[in-house]
Amino acid sequence: MSEKKIRVRFAPSPTGYLHIGGARTALFNYLFAKKYNGVFILRIEDTDELRSTKESMHSIFESLKWLGLSWDEGAIDEEREIGDFGPYIQSKREALGIYKKYAEELLKKGMAYYCYCTPKELEEMRLKAHLEKRPPKYDGRCRHLTQQQIKNFELEGRKPVIRFKMPDDGITSWNDLIHGELKFENKLLYDFIMIKASGYPTYNFACVVDDHLMDITHVIRGDDHISNTPLQINIYKAFGWELPNFAHLSMILGPDGTRLSKRHGATSISEYRKLGYLPHTMKNYLALLGWSTKDSQQIFEKGELEEKFDLEGCQKNPAIFDPVKLTWMNGEYIRKMTKDELYEASLPFLKEAGIDLSKASSNVADIVAIEQEKYKLLSDIPKLIDFFFTDEITYDEISVEKVLKKPGVRNILSEIKEVYEKIEIFTEVNIENATRQFCKEKGYKTSEVFHPVRVAVSGRSHGPTLFKMLEYIGKRRVLVRLEKSISFFLS
RNA sequence: GCCCUCAUCGUCUAGUGGCCUAGGACGCCGCCCUUUCAAGGCGGAAAUCACGGGUUCGAAUCCCGUUGAGGGCGCCA
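Residues numbered from 1 in each chain as written. Chains lettered and ligands numbered in written order. Predicted model: local features only at pLDDT ≥ 70, side-chain atom pairs only at ≥ 80, totals over all residues. Heavy atoms only, no water.

Caption draft 1: Molecular detail of the sheet that holds strand β9 (residues 193-195). Spatial strand order, β5-β6-β9: 3 strands in an open sheet with antiparallel pairing. Only two strands of the sheet have a single neighbouring strand rather than two, namely β5 (112-115) and β9. Sheet twist, expressed as the mean angle between neighbouring strand axes with direction ignored, is 45°. When strand β6 (residues 161-164) meets β9, the two strands line up antiparallel, connected through 2 bridges. When the bridges of β9 are listed, R163 appears paired with I193. (Pairing = 2+ DSSP bridges. Helix = DSSP H or I, 4+ residues; strand = E, 2+ residues; numbered from the N terminus. Axes fitted to C-alpha atoms, helices over the stretch in contact; angles between N-to-C directions.)

The following block contains the structure:
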């Protein structure tokens, strides 16, 4: 027997950048599609005429691409799309009259009606309900307007909205793939607006029409949509359409347990990119927010999430976003990179930091790789290797005080400088042999020599493995820096 | 206010009636390695399984209540 092809969608509204929460929703949809060989669709829900922007739409495309969440169907820019169920941008669908057509069908069936209430009236209604401690729901006063009343409203120039006639009793329930059986009493639901006065559809209506028309089999979204679901289900029922499966993902909260927002720091994917996180880190970390394998696996190789993801491993309770663990994970993935990958990834960050690569004392990829195990963020790279790219290094004051200004150091540096001058081929091995030989002959402890050399040559007391560092800095610069330390700090 | 959801170390989580004196990961602490800093290895502290009642020979696991947290109640999505 042929199983129905799984089709899922990520449906962001282009009113801002792609956020952590949105990216997580997109990721779970993507992984679910990959796991079951389904189709991942990107639909743009720009029915908010005031807040939707082209820029937001583009930044969402960009962030999704950066994360590697490629979609099989949907808009790829404002003009072009892929897939047979388009258009995939709701404003374009609206222009085609799709939503109006379906709204009219419900109107004809008597399951929807025109409402002439003004925003002011509605506000008063809510206020009154609040005072009387009732749920603030629309009272249905336009359900049974007479022809005369309608005529009068029209004469006044009022623009109507179309409301859905919600059943007054009964129960709406569904078997949520994450939460299990969920039910709502219909009498608590309300006659929500399907078509606004502007003619644009509202989210709850457009979403259902499109999910149906696009043959969506699984609606995977944040659990802030749980209370929208019974509203939407009643639309499906009114049309006699088959229900998709629903899966409501838990929310992601900030470190203080409240909804993730700007005050918690970076919230958009593009910011994390700029901070120096790897796309794979974001994928892996976000996957672990509300999902896990039976053995609580932490690190996933490329392609492994697509293989192991399952809705069954999804958590019902909200998860707190932990930047510390994210950063740890990024370090893990930076360490796994090949030298070439790391070099490629470092370029934009070196440029951003104003590093002049033409002044490199050795091969740039080698220099970048020398501190590979230390980077947690790509933006750490320039900070740790900048002294390979300049003739004028800056000296860390504390290191100068504690290491260089110790008695005897001047002598040691002068002597080691002579040793280094004599090394013909300035390589790690030769430098190390010569330095150790020197320590032995002069009776110095290795640390008495190694530390001052490090500070004299790099300007600080922490850094890469010493002899390789000297090789990469190069004989000329090493000698110059030793001389400078001797004459400047120790005179 | 009304409706809905959720509840295991500080955090992410494993756990679906006996294997739990509750496992893994981040973070934290200590030791080892070591020219520094990291990385790595080893070890440790850290959860009366929110609380209170049941059911059961037996409950983190099932039921009820309480509390707390989160979400929703827009001509926003």
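Caption draft 2: The arrangement of the pattern of salt bridges in detail. One pass over the full model with this rule turns up 40 salt bridges. Close ionic contact of D215 with K4 constitutes a salt bridge, the shortest N to O distance being 3.5 Å. Of this pair, D215 sits in the loop between α7 (203-213) and β10 (218-222) while K4 sits in the segment before β1 (7-10); the two residues are 211 residues apart in sequence, bridging distant segments of the chain. On the accessibility criterion, D215 (31% relative accessible area) is partly exposed. Given the relative accessible area of 48%, K4 is considered partly exposed. The partner of E332 in a salt bridge is R335, and the shortest N-O contact between them spans 3.0 Å. Of this pair, E332 and R335 are both found in helix α12 (residues 323-336), 3 residues apart, which corresponds to roughly one turn of the helix. With relative accessibility at 22%, the residue E332 sits in the partly exposed group. The exposure class of R335 is partly exposed, given its relative accessible area of 33%. (Salt bridge = Lys/Arg side-chain N within 4 Å of Asp/Glu carboxyl O. Buried < 20%, exposed > 50% of the residue type's maximum accessible area, 1.4 Å probe, protein only.)

Caption draft 3: Region of the structure containing the pairing of strand β11 (residues 245-249). With 4 of 5 residues buried, β11 lies mostly within the body of the structure. Looking at chain direction, β10 and β11 are connected through 5 bridges and run parallel. Within the sheet, the bridge partner assigned to H218 lies in β11 and is N245. Remark: the β10/helix α8 (residues 229-239)/β11 crossover connection has right-handed handedness. (Right-handed = clockwise from strand over helix to strand, strands pointing away.)

Caption draft 4: Spatial organisation of the pairing of strand β8 (residues 180-185). The pairing of strand β7 (residues 171-176) with β8 spans 6 bridges and is classified as antiparallel. Pairing of D176 across the sheet is with G180, part of β8.

Caption draft 5: How the structure looks around the protein's contact with RNA strand B. Neighbouring residues of RNA strand B: 64 residues in total, closest D48, G290, K374, G463 and T465. Backbone atoms, meaning sugar plus phosphate, form 71% of the atoms of RNA strand B positioned within 4 Å of the protein. At a separation of 3.0 Å, a phosphate oxygen of RNA strand B approaches a polar backbone atom of Y203. Between RNA strand B and the protein, one listed contact pairs a base oxygen with a side-chain N or O atom of R454 at 2.9 Å. Sorting the residues of the surface near RNA strand B by element identifies α5 (119-131), β8, β13 (319-320), α12 and α19 (446-458) as the ones contributing at least two each. (Near = heavy atom within 4 Å. Polar contact = N/O pair within 3.5 Å; in protein donor to acceptor, adjacent residues only side chain to side chain.)

Caption draft 6: Highlighting the environment of V453. Its location among the elements puts V453 in helix α19. Among the residues examined, V453 registers a relative accessible area of 1% and is labelled buried. In the structure, V453 is positioned 25 residues away from V478 in sequence and 9.2 Å away in space, judged by C-alpha atoms. Apart from residues no more than four positions distant in its own chain, V453 is found in contact with L413, I416, Y420, L466 and L470. (Contact = heavy atoms within 4.5 Å.)

Caption draft 7: Geometry of the packing of aromatic side chains. According to the stated counting rule, one finds 21 aromatic pairs in the structure shown. For the pair Y102 and F239, a centre-to-centre distance of 5.7 Å together with 80° between the ring planes defines the contact as edge-to-face. Here Y102, found in helix α4 (residues 98-108), pairs with F239, found in helix α8; they are 137 residues apart in sequence, far enough to count as distant. On the accessibility criterion, F239 (9% relative accessible area) is buried. An aromatic cluster is present here, built from F28, W291, F300 and F309 joined pairwise through their rings. Positioned over the ring face of F85 is R7, at 3.9 Å from the centre of the ring. (Phe/Tyr/Trp six-rings, centres within 6.5 Å; stacked < 30°, edge-to-face > 60°. Lys NZ or Arg CZ within 6 Å of the ring centre and 35° of its normal.)

By themselves, these are just geometric observations and shouldn't be taken as functional.
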